[in-house]
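# A look at the structure
Residue-level listing of the chains:
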Amino acid sequence: MVLQLKDVTKRYRDFVAVDRLNFTIEKGEIFGLIGQNGAGKTTTFRMILDLQDTTEGLITWDGQPIKSVDRDILGYLPEERGIFPQMKVEEQLYFFGELHGMDKAVIKKDIDFWIQRFDLEEKRNVKAETLSKGNKQKVQLIASFIHKPKFLILDEPFSGLDPVNMELLKDAILYLRDQGMTILFSSHQMDNVEELCDHLCLLKRGESLFSGSLLDLKKQYGKTKLTVRTDKSFEELSKFPGVVHVKMERDSQAVLTLEDESYAPAIFDLLSNGGYMEKFSLDYLSLHEIFKEKVGAGLV
Ligand SMILES: Nc1ncnc2c1ncn2[C@@H]1O[C@H](COP(=O)(O)OP(=O)(O)OP(=O)(O)O)[C@@H](O)[C@H]1O
């Protein structure tokens, strides 16, 4: 493991913003920190980056207290977006690269690469203040990793991006991971977390509800989501064995929640009755559904 949080707590007077948080991140993985507004994600990031002290607990990088680690190995996209408004896009990126002691020729190669990759060629020489919100975010993002940190923290990197730019960012995150970077990010968009993360931590009011692999989290709930396309009515489907909930959707599609995945074969027999069926799909709950159940509905 490369990053470890051991019983990390942050208190502001009587208020506990982060409560005995434990998780580990392996080298070269993408780790997601998920939680509602105010759950403690930014506070956790700031403690890892040593921008804020922990009240209790220990954070280590490669076994060393993170405080003692060379700052150049870290990259950070803060939640508050900010770039120098009067500086041109390219100048900003040079500035951030040089700040980390990078050679200008190396920075140029990387700037060319990322500007092209993020579709910013036409904006290269314009002042940052004239950029759209999404383009500003892309520039700030490049600035956060232009120095090739070993560990990159991205606070809500997807917020405010359109679907095309979201894809560009996802590809960039995977590319950086493939180059050996370890990446920790927060997001409210569960499908992005589901697509990118190997491991994750679910935070609720500063407490970890789950920390581990996405598949292990899904297995806790089992394959209980059954999507079928059938001519059966809501009433008929509701009477099938093991069905606890039915939601009718468009195009004769229905989503059944099963008590247990073991009921699926019997339902298959009842629905198909030896004949053709257009759709019968038994799945794990999506991360979005798990999050709503674990965090949103106050069931925990
Ligand atoms: N300096 C501070 N003094 C007192 N309370 C604070 C301070 N900074 C943060 N908090 C509180 O700590 C809690 C966690 O805040 P934090 O910003 O870490 O949440 P978050 O998960 O990043 O939320 P969001 O998704 O809205 O960005 C919140 O209730 C916040 O009000």
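The rules behind each value
Residues numbered from 1 in each chain as written. Predicted model: local features only at pLDDT ≥ 70, side-chain atom pairs only at ≥ 80, totals over all residues. Helix = DSSP H or I, 4+ residues; strand = E, 2+ residues; numbered from the N terminus. Contact = placed C-beta atoms within 7 Å. Pairing = 2+ DSSP bridges. Axes fitted to C-alpha atoms, helices over the stretch in contact; angles between N-to-C directions. Parallel < 35°, antiparallel > 145°, perpendicular 65-115°, else oblique. Left-handed = near helix turned anticlockwise from the far one by under 90°. Nonpolar A, V, L, I, M, F, W, Y, C, P; charged D, E, K, R; others polar. Near = placed C-beta within 6 Å. UniProt positions renumbered as here; feature names shortened; annotations may be inferred.

## Let's talk about the overall build of the protein
Secondary structure assignment for the protein yields 10 helices and 14 strands. Expressed as lengths along the three principal axes of its C-alpha atoms, the size of the protein is roughly 70 × 50 × 30 Å. Of all intrachain contacts in the protein linking residues separated by at least 6 positions in sequence, the fraction that spans at least 24 positions is 68%.

## Side note on the sheet that holds strand 3 (residues 30–35)
Sheet architecture is open: six strands sit in the order 6-7-8-3-9-10, paired in mixed fashion. Where the open sheet ends on each side, the last strands, each with one partner, are strand 6 (74–77) and strand 10 (207–213). Put simply, the sheet's adjacent strands are angled 15° from each other on average, direction ignored. Each of strand 3, strand 7 (151–155), strand 8 (182–186) and strand 9 (199–204) is contacted by helix 1 (residues 41–48), which is oriented at about 155° to strand 7, the strand it contacts most. In the packing of helix 4 (residues 133–145) onto the sheet, contacts are made with strand 6 and strand 7, and the angle to strand 6 comes to roughly 165°.

## What to know about the packing of helix 2 (residues 89–99) against helix 3 (residues 104–117)
Between helix 2 and helix 3, the least distance of the axes is 10 Å, while the angle of their chain directions is 130°. Taken together, the axes of helix 2 and helix 3 are oblique relative to one another. For the pair helix 2 and helix 3, the sense of crossing is right-handed. Taken together, the residues of helix 3 that come into contact with helix 2 (itself represented by Glu 90, Leu 93, Tyr 94, Gly 97 and Glu 98) are Lys 104, Ile 107 and Ile 111. Residue composition of the contact of helix 2 with helix 3, by class: four nonpolar, one polar and three charged.

## Topic: the sheet that holds strand 1 (residues 3–12)
A sheet is described by the order of its strands in space; here four strands give the open sequence 2-1-4-5, paired in antiparallel fashion. One side of each edge strand has no neighbouring strand; the edge strands of this open sheet are strand 2 (15–25) and strand 5 (64–65). With seven bridges joining them, strand 1 and strand 2 adopt antiparallel strand pairing. Bridging from a neighbouring strand, Arg 11 pairs with Val 16 of strand 2. This element, helix 1, spans strand 1, strand 2 and strand 4 (56–61) of the sheet and lies at about 65° to strand 2.

## Some words on the site of the ligand
Taken together, Tyr 12, Phe 15, Ala 17, Gly 35, Asn 37, Gly 38, Ala 39, Gly 40, Lys 41, Thr 42, Thr 43 and Glu 79 make up the full set of residues adjacent to the ligand. The set of elements that each furnish at least two residues to the shell around the ligand consists of strand 2 and helix 1. The dominant element in the shell around the ligand, judged by the number of residues it contributes, is helix 1, at three residues. Here the shell around the ligand is composed, by residue class, of four nonpolar, six polar and two charged.

## Things to note about the UniProt feature "domain: ABC transporter" (unreviewed entry) in the protein
With numbering aligned to this structure, UniProt lists the feature "domain: ABC transporter" (unreviewed entry) at residues 3–230. Within residues 3–230, the helical portion is 34% and the strand portion 29%, while the C-alpha atoms at the span's ends are 49 Å from each other.

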